[in-house]
Amino acid sequence: MATFTVNGKSVTLDVDDDTPLLWALRDELRLTGTKFGCGIAQCGACTVMLDGAPVRSCQTQVGTLDGAEITTIEGLDGPEAEAVQNAWTKIDVPQCGWCQSGQVMAATALLKDTPKPSDADIDNAMWGNVCRCATYVRIRAAIHDAADTLEG
Amino acid sequence: MLKYLEPHSEPVVETLRIAKVSRRGFLGTTGAFALAAYAMPARAFDKYPTGAEGMPHGVVEDPLVFVSIDADGTVTLVAHRSEMGTGSRTSIPMVMADEMEADWNLVKIVQAPGDEPKYGNQDTDGSRSMRHHIQMARKIGGSVRTMLAQAAANEWGVDPATVTVEMHEVKGPAGQSAGFGDLAAAAMALPVPTHEEIAYKSEDQFRYIGKGEVQITDLRDITTGAAVYGGDVMLDGMKFAVVARPPVVGGKAASFDATEALAVPGVESVHEIPYGGLAQKFAPLGGIAVVASNTWAALKGRDALKIEWEAGEHGSYNSDAYMEEMIATSEQPGSLARDQGDLDAAFGDAARTFTRTYTQAHIAHIPMEPPAAIASYTAEGLEIWAPVQSPYTVRNDIAEAMALDPENVRVNVTLLGGGFGRKSKADFVTEAALLSREVGAPVRMQWTREDDVRHSFYHTTSAERIEVSLDAEDNVTGWLHRSVAPSILSTFAPDEGNVLPLEQGMGLNDVPFDIANIRCESGKALAHTRIGWFRAVSNIPHAWAIGSFVGELADELGKDQRTMWLELIGAPRQLDPQNSGLPDNFWNYGEPMAEFPIDTGKMAHVLNVAADGIGYGKDLPEGEGIGLAVHRSFVSYVACAAHVKIVDGRITVPEMHMAIDCGFCANPERVESQIQGAAVMGMSVALHSGITFENGAVVQSNFYDYDVVRSDNYPTVTTHIIPHPFSVHATGVGEPGVPPVAPAIANGLYAATGDRRRSLPMGVNV
């Protein structure tokens, strides 16, 4: 039984230690903004922040999280997140939208590490986030836009 | 009487009506120009027939069904089509709002449940949403505006011709003013005007239509994780279920042992679901279901099941052998799909012939949201929340499967995390419903990605053989195209190996080339898996073959691709179905030929626009090349110009220009996004995505062996939308971007390297 924080709130979950964080978030905490896409860390739809760094929640076992800080799309904030979400809106990135929680997470993490990413930086950083509607063109444009906003 | 559960998400509006009646609104019938006839001068757009009338339950144009106005003026519009990323949930209401002169900022959208007698056809596929509903949306919006103006005229005792409606405000000749909410009750009590009684806006008066400035209604919710999809609805007491399905369609469990599964903490019960197979429409495949207190326990329980599967009659389905059979079939005459001129004479007189054969593996849709659905069965009825493309079909199918009165089944439509045709087939919803009845609690049915890849309704696999006759001057005198592919029909009826006219109409017998003698044939192919429809359907193999063949013929005859395409397309004209050797049952996407003709001028134009856009003919470094292809589908015309570049032994496509003629374009921003998406999905079809079978079972299982285009190799896509006035009928958008992409890439690869590939997927390595 692990105790950790999710979006700033302490949670203790009575689930098996091997339960993926993804299903704990969705089924137990009813935080459904984190999406299931593949279950094997191949698509990025389930990306959350673990102590500030992006991880695939489908491959993160709850038993390993004692004392950890988890941030999901519902709790994402800060200047990078705000810039990313605003850019996503401004550039009309989503189509069906299912992968976009993970895309927003990954883009936010990228901008925290690399405030002024090149096209190559973006394409490398976002490689693990599949979008079947293929919004890649607009994702790249939106990340550049968010970077410009942050730069002021 | 069925009572509906309250979901945690925003509830679906149950009935639509004037929400609140204002005092002023009651004055409706007392004015000088009361009722019955509308006095306004007509400025109607020319109504035209579409295939919408032929769809089940047709089109409903009653504003009282789709519009309600609150006393505070908030306009609530019903979206009756499913939203899977095309934007129809926004764009159709946007058209209503524009014609109504509603302020978009004061518009709310609610999603209709599956109820076609009330809302008209809701089957969201076939690239039909805007094509079949733009007139209806204008009519509804124009009706409401007319009724509001009449209500104001009645109240003010003035000639309605002197009343104007602008941005949520109704104004009279003496400076009178009223809001929509003030007039709503009186307006909605008036008769609905006829088409001729509505003074429609002229196109230069459109605020939203054609501008591309209205953003999709769920945009903010999507970026903040608040949007609700199929698996996101949470009900109290809900159980979580997964199913172990037979690896081979039509197979079943010879025996199973659930002892260890039931020992997994959290697993509550195990159930056998009745077995399905081919010709059973969208019935579940059957299998062993595990119901648990959470998804992870259900998954672990499923892993712990011990099942002996019996493969059944399709256990010998092997893709390699099947492809050889299809190719052999394509060497023999098939059943006629078109016979124009005298092909035998053309071949008899030919100086030479030129023949190529192209193949394509099955495709799985793999929407990013794997199938998931929630069902709650109680003594009072069954309520569903699901990401489905055809909610009324779901309602009836489930009612039939469970012997329920359809009146006691409600299907609420969530957002779809991608559809592409997969979510037209609601086997996963029926599984949830059956289990909810079994366990007496709400159930969430969750498919894993492996379930999705291995138990889909697959896009057909095909062999396409094209042979042309050439005279001594290298003119093409005859065209023989034989297509062999298992049919969608096999999913609905016992399979005799024949395709449907609608499959032939998707790019086989509607080939618009200016060749005197054309014969198109279909060879028999018996299905051994469930054949469904994937974005653009049979257009994919047909366009793949035709587009690649044109590229090869160009090379054979020493011409550039553009010249070859334009020669074959010929002069601008409309294909005359009476004199083209087409069968009586020729399928033009369900649309009347007179209104939605096959127009070679449009086809040539989009090709030229895409080719010019990318600079076709420019000098390129070694290892780079441009490929062209154009295809008509869903009564739209799309051309793709693909710049292929070999980088470190891989096929990359840094740039594409796509040109689309979709008639009048209501929402250019969403058309662009659909075309960008189709370009990249077409690239996945070209390079990556193939489903194969061994001993009846699907070989692939997840993204590592069924990959799609990712962010390391995708094109910047420039979309050219051919502008048209409203009088040029709106046509399809969601699907027609896909078919020309794979042949354009193949032609580009050949131009770059001399490497000609004839099988899809081509693979990404050179």
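Residues numbered from 1 in each chain as written. Chains lettered and ligands numbered in written order. Predicted model: local features only at pLDDT ≥ 70, side-chain atom pairs only at ≥ 80, totals over all residues. Heavy atoms only, no water.

(A) Inspection of the packing of aromatic side chains at higher detail. All names here are of chain B. The tally for this structure, following the rule as stated, stands at 24 aromatic pairs over all chains. Look at F66 and Y119: their rings are 5.9 Å apart centre to centre, the planes differ by 70°, and that puts the pair in the edge-to-face class. Here Y119 lies in helix 3 (residues 116-119) and F66 lies in helix 1 (residues 63-66), a separation of 53 residues in the sequence. On the basis of relative accessible area, F66 is assigned to the buried category, the value being 0%. Geometrically, the ring pair formed by F282 and F492 is edge-to-face, given 5.6 Å between the ring centres and 75° between the ring planes. Of the two residues, F282 is situated in the loop between strand 9 (267-273) and strand 10 (287-292) and F492 in the loop between strand 19 (476-484) and helix 14 (501-504); the sequence distance between them amounts to 210 residues. Through a chain of ring-to-ring contacts, the aromatic side chains of F45, Y200, F206, F664 and F726 assemble into a single cluster. Positioned over the ring face of Y377 is R437, at 5.9 Å from the centre of the ring. Its guanidinium or amino end placed over the ring of F457, R530 lies 3.7 Å from that ring's centre, counting from NZ or CZ. (Phe/Tyr/Trp six-rings, centres within 6.5 Å; stacked < 30°, edge-to-face > 60°. Helix = DSSP H or I, 4+ residues; strand = E, 2+ residues; numbered from the N terminus. Buried < 20%, exposed > 50% of the residue type's maximum accessible area, 1.4 Å probe, protein only. Lys NZ or Arg CZ within 6 Å of the ring centre and 35° of its normal.)

(B) The arrangement of the UniProt feature "domain: Aldehyde oxidase/xanthine dehydrogenase a/b hammerhead" (unreviewed entry) in chain B in detail. UniProt annotation of "domain: Aldehyde oxidase/xanthine dehydrogenase a/b hammerhead" (unreviewed entry) refers to residues 224-313 of chain B when read in the numbering used here. Helix makes up 18% of residues 224-313 of chain B and strand 33%, and the two end C-alpha atoms of the span are 48 Å apart. (UniProt positions renumbered as here; feature names shortened; annotations may be inferred.)

(C) Quick peek at helix 16 (residues 561-569) of chain B. Residue and element names in this part refer to chain B. Among the residues making up helix 16, those that are buried are Q561, R562, M564, W565, L568 and I569. Looking straight down helix 16, one finds its buried side chains confined to an arc of 165°; they lie on one side. If you follow the buried residues of helix 16, they end up packed against strand 19, helix 15 (539-557), helix 17 (600-614), strand 21 (624-633) and helix 19 (741-753). Capping of helix 16 at its N-terminal end is provided by D560; its side-chain oxygen lies 3.0 Å from the backbone amide nitrogen of R562. One or two positions beyond helix 16, positive phi appears at G570, with a value near 80°. (Arc of directions from axis to C-beta. Contact = heavy atoms within 4.5 Å. Polar contact = N/O pair within 3.5 Å; in protein donor to acceptor, adjacent residues only side chain to side chain.)

(D) Broad picture of a negative patch on the surface. Residues and elements named next belong to chain B. Together, D320, E324, E325 and E694 line one region of the surface with negative charge. The greatest single-element share of the negative patch, amounting to three residues, is contributed by helix 9 (residues 319-330). Within the secondary structure, E325 sits in helix 9. (Patch = residues over 30% accessible without salt bridge, like charges linked within 9 Å, V, L, I, M, F, W, Y side chains within 5 Å. Areas by Shrake-Rupley, 256 points an atom, 1.4 Å probe, with all protein chains shown as cover. Salt bridge = Lys/Arg side-chain N within 4 Å of Asp/Glu carboxyl O. Lys, Arg positive; Asp, Glu negative; His and termini not counted. Charge placed at Lys NZ, Arg CZ, Asp CG, Glu CD.)

(E) Region of interest: the environment of G341 of chain B. Residue and element names in this part refer to chain B. Tracing the backbone shows G341 in the loop between strand 12 (335-340) and helix 10 (343-348). For the pair formed by G341 and S580, sequence separation is 239 residues and the distance between their alpha carbons is 8.0 Å. Setting aside chain neighbours within four positions, we find G341 in contact with A516 and N517.

(F) Structural detail: the environment of M506 of chain B. All names here are of chain B. If you trace the backbone, M506 turns up in the loop between helix 14 and strand 20 (517-523). Distance in space between the C-alpha atoms of M506 and F634 is 8.1 Å, their sequence separation being 128 residues. With near-sequence residues (within four places) excluded, M506 lies in contact with A536, V537, S538, N539, H542, W587, Y589 and F634.

(G) Structural detail: the interface of chain A and chain B. Contact with chain A, which involves 48 residues of that partner, is made by 66 residues of chain B. For the pair chain A and chain B, the summed buried area comes to about 4,800 Å², and 54% of that belongs to carbon and sulfur atoms. At the boundary of chain A and chain B, one finds eight salt bridges. The salt bridge partner of R26 of chain A is D232 of chain B, with a shortest N-O separation of 2.7 Å. Element by element, the count of residues in the side of chain A that touches chain B is highest for helix 2 (residues 79-90) of chain A, at five residues. Here the side of chain A that touches chain B is built from residues that sort into 21 nonpolar, 13 polar and 14 charged. (Buried area = accessible area lost by both parts, 1.4 Å probe. Nonpolar A, V, L, I, M, F, W, Y, C, P; charged D, E, K, R; others polar.)

(H) Spotlight on the sheet that holds strand 2 (residues 9-12) of chain A. Residue and element names in this part refer to chain A. The strand order across the open sheet built from five strands is 2-1-5-3-4, with neighbouring strands paired in mixed fashion. Where the open sheet ends on each side, the last strands, each with one partner, are strand 2 and strand 4 (53-56). The sheet shows a mean angle of 40° between the axes of neighbouring strands, direction not considered. (Pairing = 2+ DSSP bridges. Axes fitted to C-alpha atoms, helices over the stretch in contact; angles between N-to-C directions.)

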